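A structural walkthrough
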Amino acid sequence: MAGKILNYYAGGNTARGFHNLFESNLSGLERLFILKGGPGTGKSTLMKAIGKKWNDIGYDVEYIHCASDNGSIDGVILRALKVGIVDGTSPHVIEPKAPGALEEYVNLGAAWNSVQLAETKDEIIKLSDSISGDFATAYSIFHEALLVHDEWEKIYIENMDYSKADELTDELIETFFAKKINRQANVFHRFLGAATPQGAVDHVPNLTEGLKERFFIKGRPGSGKSTLLKKLASEAEKSGYDVEVYHCGFDPNSLDMIIVRELSFAIFDSTAPHEYFPERAGDSIIDMYAKTITPGTDEKHAAELKEISGRYADKMKEAISFLAEAKRKHDDLENYYIGAMDFNKIAEIQKQLDQEIEKLAVARQK
């Protein structure tokens, strides 16, 4: 019987640049293989193949998806075996803590034809520079969108009843964490979704599958959703429960969801671009607008809100277009490497990694 699969992002194209949340997700691992090599060298394909093999024989697998390429992954983790494989190339550079003992670099560049690549070095450098420029432009425009979003939030912040927000938070803390556990909690920081070349993407259905309760927070920008989630995440950790903290893929300083699997619940910001509605037993809505915002605020500021939301949407669309352009150029760049690769050597490297994982599995069975 196949194991469970968990899909999430640990890196994001955000209004604050590329943001990396890999570290907490790699904590607790006793073996980490860091793949090095250019685009098109087979890193994602290798990780997917190993993940599928071990998932098919019953192990739970975590796939860390790539925010810049909808079809690729940045890592695979077999937490039961305390082993992971990650893409260690820019921009998600992994800093080793115990090289050789915990982390091991795997050089996929050993399988490419350096002479052939040298013949196209000018084209490769030109494309690489252009891709970097596209990402820089996208991040700049995302930041402009964030400033527009701040205008949006300001309207609701000025019409918010903070005492009611505090009351709601206290009620939820009492509901969720009345029982404490005397142990050190594990906290995993991830992204709920990501701004990708194909637009906003999330894995909420997969992440919340099998949980008994899901709380859908509805509201407006600035209605206290992230603040509520931050307080709940802190309380979960203080109460001794492992907690998955999902940051906003647009603004990593904000939170969009927390999951406490020991208590079988998720609570998340269920507004666009990750808007969901109750569809099964155990689902319920928490309406922050109704509970904390002055009635009539939407109507009073309708014209202003429409103008702001339009500017925000335009900025987001423009930024995504630069991510898409970077992806198009990245595909061109990959072709230079694909043409210079000996994929038989990559298959051999994959076999060696798989054998190392098998040794870990056998050791844990003893």
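- The protein chain is annotated in an unreviewed UniProt entry as DNA replication protein DnaC of Fictibacillus barbaricus.

Points about the packing of aromatic side chains
- Enumeration over the complete set of coordinates arrives at 15 aromatic pairs.
- Ring centres of Phe 177 and Phe 265 lie 6.2 Å apart, and the angle between their planes is 55 degrees; on these two criteria the pair is classed as tilted. Here Phe 177 is found in helix α5 (residues 162-177), whereas its partner Phe 265 is found in strand β15 (residues 265-269), with 88 residues between them in sequence.
- For Phe 177, a relative accessible area of 1% corresponds to the buried category.
- Residue Phe 265 is classed as buried on the basis of its relative accessible area of 2%.
- By the ring-pair criterion, three or more aromatic residues cluster together here, those being Phe 176, Phe 177, Phe 215, Tyr 241 and Phe 265.

Side note on unusual backbone geometry
- Of note, the amide linkage connecting Ser 90 to Pro 91 takes the cis form, showing an omega dihedral of 10 degrees.
- Inspection of the secondary structure puts Pro 91 in the loop between β7 (83-87) and β8 (103-107).
- A cis geometry characterises the amide bond from Ala 272 onward to Pro 273, with omega recorded as 10 degrees.
- Mapping Pro 273 onto the fold places it in the loop between β15 and β16 (283-287).
- Located in the positive-phi region is Lys 82, a residue other than glycine, with phi close to 55 degrees.
- With respect to the element layout, Lys 82 can be found in the loop between β6 (73-78) and β7.
- In the Ramachandran plot, Ser 264 falls in the positive-phi region, its phi being about 55 degrees despite a non-glycine side chain.
- Summarising the element assignment, Ser 264 is placed in the loop between β14 (255-260) and β15.

Thresholds applied
- Residues numbered from 1 in each chain as written.
- Predicted model: local features only at pLDDT ≥ 70, side-chain atom pairs only at ≥ 80, totals over all residues.
- Heavy atoms only, no water.
- Phe/Tyr/Trp six-rings, centres within 6.5 Å; stacked < 30°, edge-to-face > 60°.
- Helix = DSSP H or I, 4+ residues; strand = E, 2+ residues; numbered from the N terminus.
- Buried < 20%, exposed > 50% of the residue type's maximum accessible area, 1.4 Å probe, protein only.

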